[in-house]
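# Topology and contacts: notes
Residues per chain, in single letters:
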Amino acid sequence: MMTTIIIVDDEIELRENLQDLLEFKGYEVISYPNGEVMLEQIDTVHSDIFLLDYQLPGLNGIELMPRIREKFPHVPIGLVTASSQPNTREEAMKNGANLIILKPYSPTDIFQALEEMLGAN
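So, here is what we can say about the structure in this document. (Residues numbered from 1 in each chain as written. Predicted model: local features only at pLDDT ≥ 70, side-chain atom pairs only at ≥ 80, totals over all residues. Heavy atoms only, no water.)

## Some words on the pattern of salt bridges
Summed over the entire model, instances satisfying the criterion amount to three salt bridges. One salt bridge in this structure joins Glu 11 and Lys 103, with 3.5 Å as the shortest N-O distance. On the criterion of sequence distance, the pair formed by Glu 11 in the loop between β1 (4-8) and α1 (12-24) and Lys 103 in the loop between β5 (99-102) and α5 (107-120) is long-range, its members being 92 residues apart. (Salt bridge = Lys/Arg side-chain N within 4 Å of Asp/Glu carboxyl O. Helix = DSSP H or I, 4+ residues; strand = E, 2+ residues; numbered from the N terminus.)

Right, dumping it as structure tokens:
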């Protein structure tokens, strides 16, 4: 069965590049420009992994995590952020992140993160 990944990122070019990369590797990808749009459709989607940008308009990635956990308690969540601050990491982990992916990331970084999250599931 194909692995489905939900991406939430407001930067259209980053979101589309990541989606293209993942689809090329055989993943099914559903992407959203912000958390509100994703939450409107959360009852109609299935996901094996969430990749959330930290800085989003409206609800940020960390604020989205508890909402996702209500619906998908065991699905891994990766937080993508440019912040390497320890408090960002702590807050993300406390709110349900399985992994932090630092920007800028390479395709190798993303695939390693996905393997790690899928292995932990």
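## Focus on α1
Its 13 residues place the ends of α1 18 Å apart at the C-alpha level, agreeing with the 18 Å of an ideal helix rising 1.5 Å per residue. Along α1, the residues classified as buried are Arg 15, Leu 18, Gln 19 and Leu 22. The buried residues of α1 all sit within an arc of 100° when viewed along its axis, so they share a single face. Structural note: α1 exposes Glu 13 and Phe 24 on the side pointing more than 90 degrees away from its buried face. One or two positions beyond α1, positive phi appears at Gly 26, with a value near 100°. (Expected span 1.5 Å × (residues − 1). Buried < 20%, exposed > 50% of the residue type's maximum accessible area, 1.4 Å probe, protein only. Arc of directions from axis to C-beta.)

## Observations regarding the sheet that holds β1
Sheet architecture is open: five strands sit in the order β2-β1-β3-β4-β5, paired in parallel fashion. On the outer flanks of this sheet lie β2 (28-32) and β5, each paired with one strand and no other. Taken over all neighbouring pairs, the strand axes of this sheet differ in orientation by 20° on average, direction set aside. For β1 and β2, the ladder comprises five bridges, and the chain directions are parallel. Across the sheet, the residue bridging to Val 8 is Tyr 32, located in β2. (Pairing = 2+ DSSP bridges. Axes fitted to C-alpha atoms, helices over the stretch in contact; angles between N-to-C directions.)

## Overview of the packing of aromatic side chains
Tallied over the entire structure, the rule returns one aromatic pair. Over the ring of Phe 111 we find Lys 25; its NZ or CZ atom is 5.1 Å from the centre of that ring. (Phe/Tyr/Trp six-rings, centres within 6.5 Å; stacked < 30°, edge-to-face > 60°. Lys NZ or Arg CZ within 6 Å of the ring centre and 35° of its normal.)

## Overview of the environment of Ile 7
Relative to the assigned elements, Ile 7 resides in strand β1. Through-space distance from the C-alpha of Ile 7 to that of Ile 30 is 6.3 Å; in sequence the pair is 23 residues apart. With sequence-adjacent residues up to four places away left out, Ile 7 is seen in contact with Arg 15, Leu 18, Gln 19, Leu 22, Val 29, Ile 30, Ser 31, Tyr 32 and Leu 51. (Contact = heavy atoms within 4.5 Å.)

## A short note on the nonpolar core
Inside soluble globular proteins, nonpolar side chains tend to come together where they are buried. Phe 50, Leu 52 and Ile 68 are the most contacted members of the largest nonpolar core, which totals 22 residues. Where this core is concerned, the elements lending two or more residues are β1, β3 (49-53), α3 (61-71) and β4 (77-81). The biggest single contributor to this core is α3, with four residues. Ignoring any residue separated from it by four or fewer positions in sequence, one finds Leu 52 in contact with Val 8, Gly 61, Leu 64, Met 65, Ile 68, Ile 77, Gly 78, Leu 79 and Val 80. Residues Ile 5, Ile 101, Phe 111 and Met 117 belong to the second largest nonpolar core, which totals 16 residues. (Core = buried A, V, L, I, M, F, W, Y, C linked by side-chain atoms within 4.5 Å.)

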